[in-house]
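# Structure assessment
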Protein chains: 2
Amino acid sequence: MATRDTYRHGNLRQALIAAGVELARTGGPDAVVLREATRQAGVVPNAAYRHFDDRRALLSAVSQAALAELARAMELRTAEEADERPEGDEAGAQAVARARLRALVRGYLSFARAEPGLFRAAFVTSDLENTDTEAAAGTGGRTAFRLLSDALDDLSACGMLPVERRPGAEYFVWAAVHGMAVLLIEGPLRGLLPGQAEEAEQRLLRAIERGL
Amino acid sequence: MATRDTYRHGNLRQALIAAGVELARTGGPDAVVLREATRQAGVVPNAAYRHFDDRRALLSAVSQAALAELARAMELRTAEEADERPEGDEAGAQAVARARLRALVRGYLSFARAEPGLFRAAFVTSDLENTDTEAAAGTGGRTAFRLLSDALDDLSACGMLPVERRPGAEYFVWAAVHGMAVLLIEGPLRGLLPGQAEEAEQRLLRAIERGL
DNA sequence: CACCAAATGTGGACGGCGTACACAAAGGTC
DNA sequence: GACCTTTGTGTACGCCGTCCACATTTGGTG
């Protein structure tokens, strides 16, 4: 929609990603249509090829942006919960570590429910080496996966997770959380009332903590 | 490619689904192209519209067929393991129930690794009410999800799963298993050597059993 | 400052896709 | 055998991703 007086756009690459993110937000990865993104950027379709090899490259960039939003949602949730729990006494360090993991999980799941299109775009298969790059990270520079992993390190440091079980634990946690997200947005649990979803989250959290 | 002498095809609907399944096997859900399926069935593109409302309806049917293959893979695995463990003494009923769950999980994960395209097609979002229909079931008439659920019932009957934790447990198990499958085929765990994948499966199984 | 090369946007075209509409051929029923 | 329903055909439209040649701007080098 944006029109322009200069011949050069100035920041076309970012504009295309931004348009792609909005398309993905509404309609998931399939809605990231190259021509539509260029239209919204006020540019002719071929202009996109100066910044992306092809549609998949654009989609990949959109995916990274979506992963970054997910990471930010998780960071935000942990920050909120930290506010509610201002003081950590000596043994309370365990409680803090535990609360952090719970907050991350909840942030992950509520992002999936609030932004299903973006969530699906974040995990578009394609060639993702991109899952662990800078662009996929949140404000703190850590990706969603990294946030979970670090939380498990904390848990392990507090003695709440036996060291012999630490290796690979992030895969178990991520699998459970991601799987639940899929169940909630496109599986048999979609369309659950918010209250019911909360309860499912609670149960999942307990099962994860037992499983660690 | 199949040519025909009769004007009527005879079984076009099934032929289109079969072609769609093969396309999905090779290239995932995006490869299920309506025109290509009709080409393989030796028919003009519009003929498909006598049997499916649109491309998404075809994809949905392909998805159900893929879910059925998944269920059959899980059934097959449990049957194999049951052979290896011919006799169940009185307390061995617990061992049998436990082995069944493990076999189902392994069947799920090895199907995902062996047929990633089909696996992804099976879980195409769309309008799936279809996840729980007859067409999505295996030879025994039960869907993949149902198989897991029934195995948990057995576990609960043996006293290996406290009754108060039974409700919702299938969601935890399915989430963990499905999440791990995604990690293995398109997440950070893709490209693991078969041996490493086995080890990850083992760890996941232990975590699930602890979490129950 | 003039000039040229690189970077960026434009215009036009091609083939493939999903799908709509009108038409044709085969089956089933009376 | 006449009529209606089902199933496949022909033609056409608009949208998409992408290729190629060309135009415009920018930035560096003489």
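Higher on the page you've got the structure.
To keep things clear, this report deals only with the structure shown in the data block. (Residues numbered from 1 in each chain as written. Chains lettered and ligands numbered in written order. Predicted model: local features only at pLDDT ≥ 70, side-chain atom pairs only at ≥ 80, totals over all residues. Heavy atoms only, no water.)

Bringing the overall build of chain A into the picture now. Assigned secondary structure in chain A consists of eight helices and zero strands. For chain A, the sequential pattern of α-helices and β-strands runs α-α-α-α-α-α-α-α. Projected onto its principal axes, the C-alpha coordinates of chain A cover approximately 65 × 35 × 30 Å. Carbon and sulfur atoms make up 50% of the accessible area of chain A, which totals about 10,400 Å². Seen as two clouds, the 26 positive and the 30 negative side-chain charges of chain A have centres 5 Å apart. (Helix = DSSP H or I, 4+ residues; strand = E, 2+ residues; numbered from the N terminus. Areas by Shrake-Rupley, 256 points an atom, 1.4 Å probe, with all protein chains shown as cover. Lys, Arg positive; Asp, Glu negative; His and termini not counted. Charge placed at Lys NZ, Arg CZ, Asp CG, Glu CD.)

This part takes up the interface of chain B and chain A. Each partner contributes residues to the interface: chain B has 31 residues there, and chain A has 31 residues. Between chain B and chain A lies a buried interface of about 2,400 Å² when both sides are counted; carbon and sulfur atoms form 65% of it. Broken down residue by residue, the surface that chain B buries against chain A is led by Y171, F172 and R210 of chain B, which jointly contribute 20%. Applying the counting criterion to the chain B and chain A interface returns zero salt bridges. On inspection of chain B and its partner chain A, the count reaches four residue pairs in polar contact (both at pLDDT 80 or more). Secondary-structure elements contributing two or more residues to the side of chain B that touches chain A are α7 (169–186) and α8 (194–211) of chain B. Per-class residue counts for the side of chain B that touches chain A are 18 nonpolar, five polar and eight charged. (Contact = heavy atoms within 4.5 Å. Buried area = accessible area lost by both parts, 1.4 Å probe. Salt bridge = Lys/Arg side-chain N within 4 Å of Asp/Glu carboxyl O. Polar contact = N/O pair within 3.5 Å; in protein donor to acceptor, adjacent residues only side chain to side chain. Nonpolar A, V, L, I, M, F, W, Y, C, P; charged D, E, K, R; others polar.)

Surrounding DNA strand D, one finds 21 residues, the nearest of these being R8, R35 and N46 of chain A together with N46 and R50 of chain B. Considering the 4 Å shell around the protein, atoms of DNA strand D inside it are sugar or phosphate in 48% of instances. Measuring from a phosphate oxygen of DNA strand D, one finds a side-chain N or O atom of R39 of chain A at 2.6 Å. H9 of chain B places a main-chain nitrogen or oxygen 3.0 Å from a phosphate oxygen of DNA strand D. The biggest single contributor to the surface near DNA strand D is helix α2 (residues 34–40) of chain A, with three residues. Residues that form the surface near DNA strand D fall into these classes: nine nonpolar, four polar and eight charged. (Near = heavy atom within 4 Å.)

This paragraph deals with the relation of the copies chain B and chain A. Mapping chain B onto chain A calls for a screw motion: a turn of 180 degrees about the axis and a shift of 0.0 Å along it, with 0.0 Å RMSD after fitting. Considering both components of the superposition, the chain copies are consistent with a two-fold axis. By residue overlap, the copies meet face to face through one surface: 100% of the interface positions of chain B are interface positions in chain A. (Least-squares fit on C-alpha atoms with pLDDT ≥ 70 in both.)

Attention now moves to the packing of aromatic side chains. Scanning all chains against the criterion turns up nine aromatic pairs over all chains. Among the aromatic side chains, those forming a connected cluster through ring pairs are Y108, F119, F123 and W174 of chain A. (Phe/Tyr/Trp six-rings, centres within 6.5 Å; stacked < 30°, edge-to-face > 60°.)

Here we take up the pattern of salt bridges. All names here are of chain A. Applying the stated rule across the entire model yields 30 salt bridges over all chains. E81 is the partner of R77 in a salt bridge, and the nearest nitrogen-oxygen pair spans 3.9 Å. Of this pair, R77 and E81 both sit in helix α3 (residues 55–84), four residues apart, which is roughly one turn of the helix. Taking the shortest distance from any N to any O, the salt bridge between R100 and D154 comes out at 3.1 Å. Taken together, the residues R100 in helix α4 (residues 92–114) and D154 in helix α6 (residues 144–157) connect sequence positions 54 residues apart. Accessibility expressed as a relative area gives 37% for R100, which makes it partly exposed. Connected through salt bridges with shared partners, the residues E22, R25, E69 and E115 form a single ionic network. (Buried < 20%, exposed > 50% of the residue type's maximum accessible area, 1.4 Å probe, protein only.)

This part covers helix α6 (residues 144–157) of chain B. Residue and element names in this part refer to chain B. In this model, α6 (14 residues) spans 20 Å end to end at C-alpha, consistent with the 20 Å of a helix rising 1.5 Å per residue. Counting buried positions along α6 yields ten of 14 residues, so the element is predominantly enclosed. Buried within α6 are the following residues: A144, F145, L147, L148, S149, D150, A151, L152, L155 and S156. Just beyond α6, the residue with positive phi is G159, at close to 80 degrees. (Expected span 1.5 Å × (residues − 1).)

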